[in-house]
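As a plain string of letters, each chain reads:
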Amino acid sequence: MILSASIWMGTGVLHAQPGFGTAEQMNANWYFHLGDMAPQALKEISDHTWKEVRLPHDWGVKYPLNPSLASATGYLPGGIGWYRKQLPVRAEDQGKKIFLYFEGVYNRSEVYVNGKSVGNRPNGYVSFSYDITPYIEFGKENNIAVRVDHSHSADSRWYTGSGIYRDVWIVKSNPIHIDQWGVYAYPELKGRKGLLNTEVTVVNSGTTAGPVTVAQELVDVRGQVVAKKSQKLSVATGDKKILQQQLTVMNPRLWSLDQPVQYTLRTTLWQNGKTIDHSEVKTGFRTFTFDPDKGFALNNEWMKVKGVCVHHDAGVLGAEVYPEVWRRRLLTLKSLGVNAIRTSHNPQASSLYALCDELGLLVMDEAFDEWEFPKRKWLQGWNVGTPGFEGAYDFFEEWGERDLADMVKRDRNHLSIFAWSIGNEVDYPNDPYSHPILDGEKKEGGFTQASYGGYKKEAPDAMRLGDIAKRLAAIVKKYDRSRAVTAGLAGVAMSNETAYPGALDIAGYNYTESRYQQDHERYPERVIFGSENRHDLSAWLAVRDNAHIFGQFLWTGIDYLGESGRWPSRGFYSGLLDFAGFVKPRGYYRQSLWTKQPMAYLGTYPLGGAPGTTDAWSALESQQGRWKNEAPSMDAWPIWNYQDGQQIRVVCYTNSARARLELNGKIVGEEKNYDGKTGIIYWDIPYAKGKLEVVGMDTTGKEAVRHTIQSSQRPASIVARLVGDKTIKAGAVVQIALQIVDEDGLPVILSENELRCAVVGNARLLGMEAGNNTDMGDYTDNRQRVYHGKMIAYVQALGKSGDKINIRFTSPWLQPATVTCVIN
């Protein structure tokens, strides 16, 4: 079978493929060794002395957290590691081209085939391939080895992972074939017509020239061919050519956030009546419009982008990419009103973009966090102590343009991507670039010497930013002119003195809401949005109440490893979701701001004990009554277990016009209108055991929604809920949501019980994650404490069709739970 589809989908599984030739995933039967050695020594080493692993594999997250390691990368190790695998290649494949395609290796990798180097790639986030045909011994086993050098372990401001952390493919093709990422489709709409412009790059690496026919069909969601075209093309030996065509569809269905309709573009190469290559690419029709006064429109409908920044790790799984995990995470974010993702601050796995295409989420695809110079990397806690300066800057000059080009070429067919970001905060004042404006010479800039240490003449000149930005923007436009080029600006006032903002189609402002209006007046042609923002209400109102600001991206959508505080701290804890993908209180607060579907949420905390305060200080302040006027918190958990009579602040996050509070059926909190200053309705009441309930009402006083929390008793049982279907594909990841309940089945939010997981069947436990940022225990075994009474467990099915997997969870004094899955 010839299959080069960009996406392969099964039940709960979605994997990106290379997009040319016949592709076969090769994730199994790898062997791993942590430590360095000479490549020539590999022939003398038996696989049995190495550890057998299955890809994706991130070795860093499989070691204990260590306070002696860098906080920037989550107190987890890097190092140098080797992977090897035996690859049989059939004798009848002689005459074909053989490629290895790596979706992502972190980082500074070098690949060997039968002891010979075939290439290296320092960037740990880009996808790449090698033509290994000259190194293959046909009809034999071939040794594949990959050296991964993450010895600069503190080279990032967040946790990167280490190893071959995404899928690997072997691709076999005819000498005349579609180039890697060689099918490009971009839509236009003209009246009732949908025009799909296509480019097909055909490579002839054979010994003879000859005409081929390039046939393309556009297939709708019903499987009907709605447009087709074919054309002959002659490609000389050792050459490549691009064929351009246009397919027309009358009244096409549009891709939108609510109805993300996709078409399939089938591209086939024919020669002498035979198919010699075939590609399937998901595509479709939609339009993007940017206006400096009106903001952003999707399909001519003006809207606000409600985005979140997302790093690529998944808690206990580290950087290992499993599409099922990200499907759950993205669906949860969308349920909170999120409609856009920013890939902070690097290209992510192809499956993430495919999921956003499918689910209806916009994507800002980002390339770099630093350019030619390193940023500070905090080693002893976020913004604490003396920073380090390892990074990716040392290969930017040689590889940066190629890395950016490869990101664009790989991702440009994704309908969800609406902008390309060429950098994040590369203009942070004095980290490293500087400019005289930092001395406060211009009051408009708003800088003082105290802010950033003043102008540093010895630092790199900020005027360089504009030249680099122009160069990078030109690379993007070379491969895709259908989307906007952007960047996240950290020192907007400084960058305004350079050509940097002018090199961008749309300008992202990081945490600079105060400049939205003045820069709109000063630069009336500039399209402005919030590319990185705090969670507070004022930051959102600056978007909502200004037509010319088209959106914001919260920092962050999901808690992530690294950029940690002082020990104990696994990572950065500002997400709407925690490491486990569970919604945090601030996620419900955001839902109240960003969704129209009626919702209400109750959270509580003792007066004087707002989340984030210390117990001793809280007790003192509570006694003195000083906390009565404190602003209500967006981080209140749904707990209703306190001491009788204790004064409790009850907060309600809701999009209702007004709400009242009931305890055991009686009104204990008077009806209050929505508070436009905080976005939170709250009451201060004495605690009494029972059922606490908020009733949200519309403007007429009619009930719209209710939310209830109840006092729980001691933990009694484990409840295990399978996320998704009980029937799964081999290789799929099963996600089990665990909840501790009392004897009445009520969640015990205060529970911290330790659970054990036992897997029976052909499957492996990938990890158990409770989402606790301060739990620095062992995440490499089958035991873990719940947090707020919850946990998620990840198990990968490895068997064959019909196999059963039993997954059992136990804890002392609790009733156990078992879930059973069947491999389809």
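All of these numbers come straight from a predicted model, not from anything done at the bench.

About the thresholds
- Residues numbered from 1 in each chain as written.
- Predicted model: local features only at pLDDT ≥ 70, side-chain atom pairs only at ≥ 80, totals over all residues.
- Heavy atoms only, no water.
- Pairing = 2+ DSSP bridges.
- Helix = DSSP H or I, 4+ residues; strand = E, 2+ residues; numbered from the N terminus.
- Axes fitted to C-alpha atoms, helices over the stretch in contact; angles between N-to-C directions.
- Contact = heavy atoms within 4.5 Å.
- Parallel < 35°, antiparallel > 145°, perpendicular 65-115°, else oblique.
- Left-handed = near helix turned anticlockwise from the far one by under 90°.
- Nonpolar A, V, L, I, M, F, W, Y, C, P; charged D, E, K, R; others polar.

Let us look at the sheet that holds strand β30 (residues 549–554). Spatially, β23-β24-β25-β26-β27-β28-β29-β30 is the arrangement adopted by the eight strands of the closed barrel, whose pairing is parallel. With strand direction ignored, the average angle separating the axes of adjacent strands in the sheet is 25°. With three bridges connecting them, strand β29 (residues 528–533) and β30 associate as parallel partners. Looking across to β30, one finds that Asn533 is bridged to Leu554. Strand contacts of helix α8 (residues 537–544): β23 (305–310) and β30, with the helix running at about 155° to β30, the strand carrying the most contacts.

Close contact between helix α1 (residues 323–335) and helix α2 (residues 350–359) brings their axes to 10 Å; oriented N to C, the two are set at 40°. Overall, the two elements α1 and α2 adopt an arrangement that is oblique. Here α1 and α2 pass one another in a crossing that is right-handed. In this structure, α1 contributes Pro323, Trp326, Arg327, Leu330, Leu331 and Lys334 to the contact, and α2 contributes Ser351, Leu352, Leu355, Cys356, Glu358 and Leu359. Residue composition of the contact of α1 with α2, by class: eight nonpolar, one polar and three charged.

A few words on the environment of Ser514. By secondary structure assignment, the location of Ser514 is in the loop between β28 (507–510) and α7 (516–522). In sequence terms Ser514 and Thr818 are 304 residues apart; their C-alpha atoms lie 53 Å from each other.

Looking at chain direction, strand β20 (residues 288–291) and strand β21 (residues 295–298) are connected through four bridges and run antiparallel. Residue pairing across strands places Thr289 opposite Ala297, the latter belonging to β21. The hairpin formed by β20 and β21 contains three residues between the paired strands.

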